[in-house]
Amino acid sequence: MADYDVIIIGGGPGGYVCAIRCAQLGLKTAVVEGRETLGGTCLNVGCIPSKALLHASHMLHEAQHNFAAMGLKGKTQSVDWKQMLTYKQETIDQNTAGVSFLLKKNKVDHIKGWGKITAKGEVTVGSDKHTAKNIVIATGSEPSALKGVEVDEKVVVTSTGALELNKVPKTLAVIGAGVIGLELGSVYARLGSDVTVIEFLDHITPGMDSETAKVLQRTLKKQGLKFILNAAVQSVEASKTKAKLTYEDRKKNEIHTMDADVVLVATGRRPFTDNLGFTDLGGEMTERGQVKTDAHWKTNIDGIYAIGDVIEGPMLAHKAEDEGMGVAEVLAGNHGHVNYGVIPGVIYTTPEVASVGKTEEQLKEEGVDYKIGKFSFKGNGRAKAVHQGDGFVKILADKTTDRILGCHLIGPSAGDLIHEICVAMEFGASAQDVAMTCHAHPTFSEAMREAALACGGGAIHA
Ligand code: NAI
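Because the structure is predicted, anything quoted here is derived from the model rather than measured.

Thresholds, definitions, all that
Residues numbered from 1 in each chain as written. Predicted model: local features only at pLDDT ≥ 70, side-chain atom pairs only at ≥ 80, totals over all residues. Heavy atoms only, no water. Phe/Tyr/Trp six-rings, centres within 6.5 Å; stacked < 30°, edge-to-face > 60°. Helix = DSSP H or I, 4+ residues; strand = E, 2+ residues; numbered from the N terminus. Buried < 20%, exposed > 50% of the residue type's maximum accessible area, 1.4 Å probe, protein only. Near = heavy atom within 4 Å. Polar contact = N/O pair within 3.5 Å; in protein donor to acceptor, adjacent residues only side chain to side chain. Areas by Shrake-Rupley, 256 points an atom, 1.4 Å probe, with all protein chains shown as cover. Nonpolar A, V, L, I, M, F, W, Y, C, P; charged D, E, K, R; others polar. Pairing = 2+ DSSP bridges. Axes fitted to C-alpha atoms, helices over the stretch in contact; angles between N-to-C directions. Contact = heavy atoms within 4.5 Å. Domains from an automatic or database assignment. Buried area = accessible area lost by both parts, 1.4 Å probe. Salt bridge = Lys/Arg side-chain N within 4 Å of Asp/Glu carboxyl O. Expected span 1.5 Å × (residues − 1).

Caption draft 1: Seen up close, the packing of aromatic side chains. Inspection of the entire model under this criterion finds two aromatic pairs. Ring centres of Trp-81 and Tyr-188 lie 5.8 Å apart, and the angle between their planes is 55°; on these two criteria the pair is classed as tilted. Here Tyr-188 lies in helix H6 (residues 179–190) and Trp-81 lies in helix H4 (residues 81–105), a separation of 107 residues in the sequence. In this pair, the class of Trp-81 matches that of Tyr-188, namely buried. Taking the centre distance of 6.5 Å and the plane angle of 65° together, the rings of Trp-114 and Phe-272 count as edge-to-face. Here Phe-272 lies in the loop between strand E16 (269–271) and strand E17 (304–306) and Trp-114 lies in the loop between strand E3 (109–112) and strand E4 (115–119), a separation of 158 residues in the sequence.

Caption draft 2: View of the site of the ligand. As a structural note, the neighbourhood of the ligand is formed by 23 residues, with Ile-180, Glu-183, Glu-199, Gly-268 and Val-346 the closest of them. Between the ligand and Ala-266 there is a distance of 3.4 Å, counted from an oxygen atom to a backbone nitrogen or oxygen. Within the complex, 78% of the 850 Å² of free accessible area of the ligand lies under protein. Among the secondary structure elements, those contributing two or more residues to the shell around the ligand are H6 and strand E12 (231–238). Of the residues assigned to the shell around the ligand, the class counts are 16 nonpolar, four polar and three charged.

Caption draft 3: Broad picture of the sheet that holds strand E22 (residues 404–411). With antiparallel pairing, the five strands of this open sheet are ordered in space as E18-E19-E22-E21-E20. The open sheet has two edge strands with one neighbour each: strand E18 (345–347) and strand E20 (370–376). The mean angle between the axes of side-by-side strands here comes to 10°, regardless of whether they run parallel or antiparallel. Across the sheet, helix H11 (residues 414–426) is in contact with E18, strand E19 (352–357), strand E21 (392–398) and E22; its angle to E19 comes to roughly 10°.

Caption draft 4: Molecular detail of the domain arrangement of the protein chain. Each assigned domain of the protein chain is listed with its residue range as follows: domain 1 (4–143 + 270–338), domain 2 (156–267) and domain 3 (342–454). On a C-alpha basis, the centroid separation for the pair domain 1 and domain 2 is 27 Å. Buried surface at the junction of domain 1 and domain 2, summed over both partners, amounts to about 1,400 Å²; 69% is from carbon and sulfur atoms. By the criterion of area lost to domain 2, the three top residues of domain 1 are Val-45, Leu-54 and Trp-81, representing 39% of everything that side buries. Put simply, domain 1 and domain 2 have one salt bridge between them. Run the count over domain 1 and domain 2 and you get five residue pairs in polar contact (both at pLDDT 80 or more). Every element with two or more residues in the side of domain 1 that touches domain 2 is listed here: helix H3 (47–65) and H4. A total of 10 residues in the side of domain 1 that touches domain 2 trace back to one element, the largest contributor, which is H3. Considered class by class, the residues forming the side of domain 1 that touches domain 2 number 10 nonpolar, six polar and two charged.

Caption draft 5: Representation of the side chain of Lys-371 in the model. One can find Lys-371 in strand E20. A distance of 2.8 Å separates a polar atom in the side chain of Lys-371 from a polar atom in the side chain of Asp-402. Reaching out from Lys-371, the side chain makes a polar contact with the backbone oxygen of Cys-455 at a distance of 3.3 Å. Once residues lying within four places of it in the same chain are set aside, the contact partners of Lys-371 are Ile-395, Leu-396, Ala-397, Asp-398, Lys-399, Asp-402 and Cys-455.

Caption draft 6: Broad picture of the sheet that holds strand E9 (residues 171–175). Read across the sheet, five strands follow the order E8-E15-E9-E10-E11 without closing on themselves; strand pairing throughout is parallel. Strands at the two margins of the open sheet, each flanked by one partner only, are strand E8 (156–157) and strand E11 (226–228).

Caption draft 7: Quick look at the pattern of salt bridges. Using the criterion set out here, one finds 18 salt bridges in the structure. The closest approach of N and O atoms between Lys-358 and Glu-366, which form a salt bridge, is 2.8 Å. For Lys-358, a relative accessible area of 31% puts it in the partly exposed group. One network of salt bridges, in which partners are shared, links Asp-209, Glu-211, Glu-360, Lys-374 and Lys-394.

Caption draft 8: Quick look at helix H8 (residues 317–331). Look at H8: 21 Å from first C-alpha to last across 15 residues, which is about the 21 Å you get at 1.5 Å a residue. Residues of H8 that are buried include every one of Lys-319, Ala-320, Glu-323, Gly-324, Gly-326, Val-327, Ala-328, Glu-329 and Leu-331, and no others. At its buried positions, H8 is contacted by strand E1 (4–9), helix H1 (13–24), strand E6 (128–137) and E17. After H8 finishes, the residue Gly-333 shows a positive phi value of roughly 90°.

Right, dumping it as structure tokens:
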């Protein structure tokens, strides 16, 4: 008889959520995790620590730029970097300890060490072999390497090193204007670094609604970030304290160099499958190095499933969590389901950016007849009261049926506001459904309703 019903390899948001749901459904479950603490990249070196630094640096920015206008006087705040890192670490510790508590509470075994699938239904950790009826691969992702750039995590860093630099750099070059580059670039710009973001494409945040991306870039420029677009980084030469970066201006075919104290490589992540043993057993991978699964997260090997960053789809903690819950249901003999059409995306800059569903570009490409309801936060009393009137909400709805197809917004608490539309889309709601729902005044969420109203008879405060 197998030791477990399910062994999950990887204790990040996908893996630990899957484990808890498996246990709740009555399955004997273990999680194998190689890191010292549970929570994966997200809790240890990703979403959570970056949010702590974004929060702290935002407070500094507010104190330096907006306090005086509100009649708040005092010394200019300065940065105690060591204390900020302590605060960041405390935030991580609280969260990882929380996951540990949840696994214990749900009677999930935590096996410490790096797991390797050594046979069907067998996971080897160090010299111990553990058996299970089913195995779930939830090993996540790691920063992808960039040709000509060697990372030392001190001068040339990935997001991991950028979260624990020994001091705030005077100059920071960020390679890649994706989510990581913009969030961490924002942190250091607010802390006083001279930040330049170098991006291969002619626009930032590929895949995002282009109108929103343009407004985000304009806003970040106002905050001091510099952008070099259409530029392919070719190499970075680093000494102990400085780096020289070489890039090609793709429009002019010219080669340029620039110096920086620190270079952040934020050019994407790749699935992490090192030493996993999956392919040795004949496990199929996609061309992009992802573990290949069917619609119910099953690989080509019976009894082996995979979820999260290691498979296809957006590399987002909440997508992994949903898949974790979905596969747990499947393993318990129920139906597991994830609606991939309604997975929100958020960038935690100030203002925040959030989106769900289709972009205008996608709808045009698909030939869908759509209408736009747009509302500026300038017409929202609450946003003006807190100096956050920049930005807008844009709802895209089917021109004939009024069904909501997508929503893109940039503005205060965008990352929370988007969920109103996620729920609406889950229920197949029309823009009018949102427009007819009473929204409390004065809240930022009134802007969502106004955008929904603008899809029909018209917004009131525009
Ligand atoms: P990304 O894929 O979002 O952006 C990478 C950028 O680098 C692209 O714009 C690309 O064009 C550019 N690039 C690639 N090679 C280049 C070169 N040689 N020179 C200049 N530019 C180059 O990747 P990122 O930001 O590293 O994030 C990785 C993953 O982590 C993403 O899937 C993201 O969704 C996820 N993530 C999500 C967060 C959130 O939801 N808030 C936060 C952080 C990460």
